[in-house]
Amino acid sequence: MGVAFQLRDDLLGAFADRAQTGKPEGGDFAAGKRMRRSSSRPRADSTRPVAALARVLGKPAGPAPWRRRGWPSSAAVSALRWSDAWRACASAPSPWPQRFPGAARAPSWRRGARCAWGRGAMSDPARAPDSVATARAGGKVILLGEHAVVHGVPAIAAGIDLGATARARALASGEASVLQLGGRSWRAGGAEDTARAFTALLAAGAMAGERAAPDDEAAVEVVAHSDMPAGGGLGSSAALGVSIAKAVELLRTGVADPDRALRRARAWEEVFHGTPSGIDSAAALHGGCFRFSREHGVHPITPARTLWLCVGWTGAGASTKAMVDSVAHLAARKPELVSRAMDGIRALVQNAELCIESGDLSALGKLMDMNQMILAGLMVSTEGIETLCAAARGAGALGAKLTGAGGGGSVIALLSGDDAAPPVLDAWKAAGFAGFVPSIDRGPRPAGQERAR
Ligand code: MEV
């Protein structure tokens, strides 16, 4: 925070209005002080401003050519430092965010807020937020417990390196918010699912009774992109929801507060899935390997050994909502059968957590096979899923099961090591299916993938 403050102070000294800041304009330049921007190495495309600056440094009486060029990179560095500092504070034990609410805002350069960060402006809630924000959220695999988690049973998931990215930009007042996704545009207020989900996400920032962010009603344009197939069981929809939610939060408040982002992402998910357990959004937000239940949320698990997996794609997308509804209908028709299935999955999940923590991957593989049998009993498996599982086991996988909602989508196969992947991928290829080896998060994803400027 100290460095961010100093950078901002440099900027104010160079560019701000003396009447506002009380500082002499260009005082640091004139005194020949080396500031963050002026001391950085000249790049090929910036020789002119650097030469101009070099002429001025140490010449108190000279003109002020730096003013003609604009030097926004100090503002960007300052913003990044500020968000780094803020993230560090947010994860510290002391309740900094509550004590210094105004300090959560990253410095802004554009949108009329240029150098309006005079003393005291840090806590000004009416300060214009940043005009562009970028955020990323990850996909996931569910190792055990999908579907049961909707009915209150814990499940175990792990974040993967594929995910979604969103970039939010403030629009002029009077324009409608718009989402660009997969080559199409959806206007907030539209009737299609994606438009409704976007509208719900934009509206869901503040909790009832909570003060809305200064810019909560302002229009935004969001451009989002997912690395994963929709309906592939890898949490593409939640990763999109979380990345859009974080980008919107960052744009409107200067910080991607996890609770507010999660609230927005859930509003998005509910449009597509009706009654999501929240595990997909939790994985997209936190990453890492964790146990999740509706009642207790995320409980991180530290794997004793790297979890090597292959993901196989059945080639058929499936609707999570339709699959979750099908289990609910089965529960209504055959409550005892489904209740026994839930009890069985609960026991498997408990044991799987112990296996992951102790590094007993062979036992974990067997538990995954048993989970797959129960899922087949709940009618969410398909011929493609069973073929992929059988081929993986035949090629040496320690265990295999569907991941996500089933009805198509993807299969995961647990491996003894990365060298066990090629035989599984070859077996799938021979059976006509594609697969890949994801990188599994070992711990929660480091912050730092978000940017506002
Ligand atoms: C989907 O990835 C996982 C399900 O359990 C649905 C949910 O938990 O919301 C099928």
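You'll find the structure just up there.
Concerning the overall build of the protein chain
Inference 1: If you tally the helices and strands in the protein chain, you get 16 helices and 12 strands.
Inference 2: Each of the 453 residues in the protein chain was classed as buried or not, and the buried ones make up 50%.
Inference 3: The contacts in the protein chain between residues at least 6 apart in sequence include a share of 71% that link residues at least 24 apart.
Inference 4: When the accessible surface of the protein chain is split by element, carbon and sulfur atoms take 54% of a total near 20100 Å².

Observations regarding the nonpolar core
Inference 1: In this structure, Val141, Leu143, Ile244, Leu364 and Trp428 are the most contacted members of the largest nonpolar core, which totals 89 residues.
Inference 2: When residues no more than four places from it in sequence are discounted, the contact partners of isoleucine 244 are Ala166, Leu179, Phe198, Leu201, Val222, Ala224 and Trp268.
Inference 3: The next biggest cluster of nonpolar side chains, apart from the first, holds 11 residues, and it includes Ile142, Val150, Ala157 and Ala282.

Considerations on the packing of aromatic side chains
How two aromatic rings sit relative to each other is given by the distance of their centres and the angle of their planes.
Inference 1: Within the structure shown, the criterion is met by one aromatic pair.
Inference 2: Arranged with centres 5.2 Å apart and planes meeting at 65 degrees, the rings of tryptophan 268 and phenylalanine 272 form a pair that is edge-to-face. With tryptophan 268 and phenylalanine 272 both in helix α10 (residues 258-273), this residue pair falls four residues apart, about one helical turn.

Some words on the packing of helix α14 (residues 361-377) against helix α15 (residues 383-394)
Inference 1: Between α14 and α15, the shortest axis-to-axis distance is 12 Å and the interhelical angle comes to 165 degrees. What the angle tells us is that α14 and α15 run roughly antiparallel. The way α14 lies across α15 gives a crossing that is left-handed. On α15, the residues touching Asp369, Gln372 and Ala376 of α14 are Ile385, Glu386, Cys389 and Arg393.

Re the site of the ligand
Inference 1: The immediate surroundings of the ligand are formed by 13 residues, with Lys140, His147, Val149, Ser277 and Asp280 found nearest.
Inference 2: Note that an oxygen atom of the ligand is positioned 2.6 Å from one of the side-chain N or O atoms of serine 277.
Inference 3: Residue aspartate 280 places a side-chain N or O atom 2.9 Å away from an oxygen atom belonging to the ligand.
Inference 4: Against a free-state accessible area of 300 Å², the protein chains account for coverage of 97% of the ligand.
Inference 5: Class assignment for the residues of the shell around the ligand results in seven nonpolar, three polar and three charged.

Things to note about the pairing of strand β6 (residues 289-293)
Regular strands show a simple pattern: their side chains alternate between the two faces of the sheet.
Inference 1: Most of β6 sits out of view: four of its five residues are buried.
Inference 2: Sheet topology places strand β2 (residues 155-170) next to β6; four bridges connect them, and they run antiparallel. Opposite isoleucine 156, over in β6, you have arginine 291 as the bridge partner.
Inference 3: Pairing geometry for β6 and strand β7 (residues 297-300), over four bridges, is antiparallel. Pairing of serine 293 across the sheet is with glycine 297, part of β7.
Inference 4: Turn length for the β6-β7 hairpin, with the two strands adjacent in sequence and antiparallel, is three residues.

Here's the deal with α14
Inference 1: The terminal C-alpha atoms of α14 lie 24 Å apart, and with 17 residues this matches the ideal 24 Å at 1.5 Å per residue to within 8%.
Inference 2: Listing the buried residues of α14 in full gives Leu361, Leu364, Gly365, Leu367, Met368, Asp369, Asn371, Gln372 and Leu375.
Inference 3: Looking at the packing, one finds that the buried side of α14 touches β1 (132-144), α13 (335-358), α15, β9 (399-403) and β10 (410-415).
Inference 4: Directly beyond the C-terminal end of α14, a positive phi value near 70 degrees is found at methionine 379.

Some remarks on the packing of helix α9 (residues 236-253) against α10
In a packed pair of helices, the relevant descriptors are the angle between the two axes and the axis-to-axis distance.
Inference 1: In the contact formed by α9 and α10, the axes pass within 8 Å of each other and the chain directions differ by 140 degrees. Put simply, α9 runs oblique to α10. Note on packing geometry: the crossing formed by α9 with α10 is right-handed. Contact residues: α9 offers Ser237, Ala238, Leu240, Gly241, Val242, Ile244, Ala245, Lys246, Val248, Glu249, Arg252 and Thr253, while α10 offers Arg260, Ala261, Arg264, Ala265, Trp268, Glu269, Phe272 and His273.
Inference 2: Tallied by class, residues from the contact of α9 with α10 come to 10 nonpolar, four polar and six charged.

Some remarks on the side chain of glutamate 221
Inference 1: Relative to the elements of secondary structure, glutamate 221 occurs in strand β5 (residues 220-226).
Inference 2: Accessibility expressed as a relative area gives 15% for glutamate 221, which makes it buried.
Inference 3: Not counting residues within four places of it along the chain, the set of residues in contact with glutamate 221 comprises Arg167, Ala168, Arg169, Leu171, Val178 and Gln180.

Reading the values: the criteria
- Residues numbered from 1 in each chain as written.
- Predicted model: local features only at pLDDT ≥ 70, side-chain atom pairs only at ≥ 80, totals over all residues.
- Heavy atoms only, no water.
- Helix = DSSP H or I, 4+ residues; strand = E, 2+ residues; numbered from the N terminus.
- Buried < 20%, exposed > 50% of the residue type's maximum accessible area, 1.4 Å probe, protein only.
- Contact = heavy atoms within 4.5 Å.
- Areas by Shrake-Rupley, 256 points an atom, 1.4 Å probe, with all protein chains shown as cover.
- Core = buried A, V, L, I, M, F, W, Y, C linked by side-chain atoms within 4.5 Å.
- Phe/Tyr/Trp six-rings, centres within 6.5 Å; stacked < 30°, edge-to-face > 60°.
- Axes fitted to C-alpha atoms, helices over the stretch in contact; angles between N-to-C directions.
- Parallel < 35°, antiparallel > 145°, perpendicular 65-115°, else oblique.
- Left-handed = near helix turned anticlockwise from the far one by under 90°.
- Near = heavy atom within 4 Å.
- Polar contact = N/O pair within 3.5 Å; in protein donor to acceptor, adjacent residues only side chain to side chain.
- Nonpolar A, V, L, I, M, F, W, Y, C, P; charged D, E, K, R; others polar.
- Pairing = 2+ DSSP bridges.
- Expected span 1.5 Å × (residues − 1).

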